[in-house]
Amino acid sequence: MNKITGPLRRALIYGAVSYGGLVLINNAELDLPNMWIVYLPMFVGVYVLTQWLDRKFGS
């Protein structure tokens, strides 16, 4: 059962955090020539936060 819960927990955490980040950035009404200036650091931060939360809830 643990083989299923770990990946599922990580996917749910990643989905929730990344969706929240996208909503926050898209509603910020930024007028940048290239939105990857904002999206790339956000997704790196989402990945790091997801790993940290997974370790915290996994133990």
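Quick look at the structure, then.

1. Regarding the overall build of the protein chain
If you tally the helices and strands in the protein chain, you get 2 helices and 0 strands. Here the protein chain has a C-alpha radius of gyration of 14 Å; the compact-globule value for 59 residues is 10 Å, and the former is much larger. For the protein chain, the spread of C-alpha atoms along the three principal axes comes to 45 × 15 × 15 Å. Across the 59 residues in the protein chain, those meeting the buried criterion constitute 20%. Total accessible area on the protein chain is roughly 4700 Å²; 68% of this is exposed by carbon and sulfur atoms.

2. Concerning the environment of Ile37
Positionally, Ile37 belongs in helix α2 (residues 36-58). Judged by relative accessible area, Ile37 falls into the exposed class, the value being 53%. Along the chain, Ile37 and Arg10 lie 27 residues apart, while their C-alpha atoms are 26 Å from each other.

3. Brief notes about the pattern of salt bridges
Summed over the entire model, instances satisfying the criterion amount to 2 salt bridges. With its nearest N and O atoms 2.6 Å apart, the salt bridge here joins Arg9 to Asp54. Placement of Arg9 in helix α1 (residues 2-26) and of Asp54 in helix α2 is noted, with a sequence separation of 45 residues between them. The partner of Arg10 in a salt bridge is Asp54, with the nearest N and O atoms 3.1 Å apart. Of this pair, Arg10 sits in helix α1 while Asp54 sits in helix α2, placing them 44 residues apart in sequence. Classification of Asp54 by relative accessible area gives buried; the value is 9%. Several salt bridges converge on common partners, so that one network encompasses Arg9, Arg10 and Asp54.

4. What to know about the nonpolar core
Ile25, Val38, Tyr39, Met42 and Val46 form the largest nonpolar core, which has 5 residues in total. Looking at this core element by element, the count peaks at 4 residues for α2. Among residues more than four places away in sequence, those in contact with Tyr39 are Leu22, Ile25 and Asn26.

5. Some points on a nonpolar patch on the surface
Side chains of Trp36, Leu40, Val44, Tyr47 and Val48 sit close together on the surface and give an oily, nonpolar patch of about 570 Å² of accessible area. Looking at the element boundaries, Val44 is found in helix α2.

Reading guide: rules and limits
- Residues numbered from 1 in each chain as written.
- Predicted model: local features only at pLDDT ≥ 70, side-chain atom pairs only at ≥ 80, totals over all residues.
- Heavy atoms only, no water.
- Helix = DSSP H or I, 4+ residues; strand = E, 2+ residues; numbered from the N terminus.
- Rg over C-alpha atoms; globule rule 2.2 N^0.38 Å.
- Buried < 20%, exposed > 50% of the residue type's maximum accessible area, 1.4 Å probe, protein only.
- Areas by Shrake-Rupley, 256 points an atom, 1.4 Å probe, with all protein chains shown as cover.
- Salt bridge = Lys/Arg side-chain N within 4 Å of Asp/Glu carboxyl O.
- Core = buried A, V, L, I, M, F, W, Y, C linked by side-chain atoms within 4.5 Å.
- Contact = heavy atoms within 4.5 Å.
- Patch = residues over 30% accessible without salt bridge, like charges linked within 9 Å, V, L, I, M, F, W, Y side chains within 5 Å.

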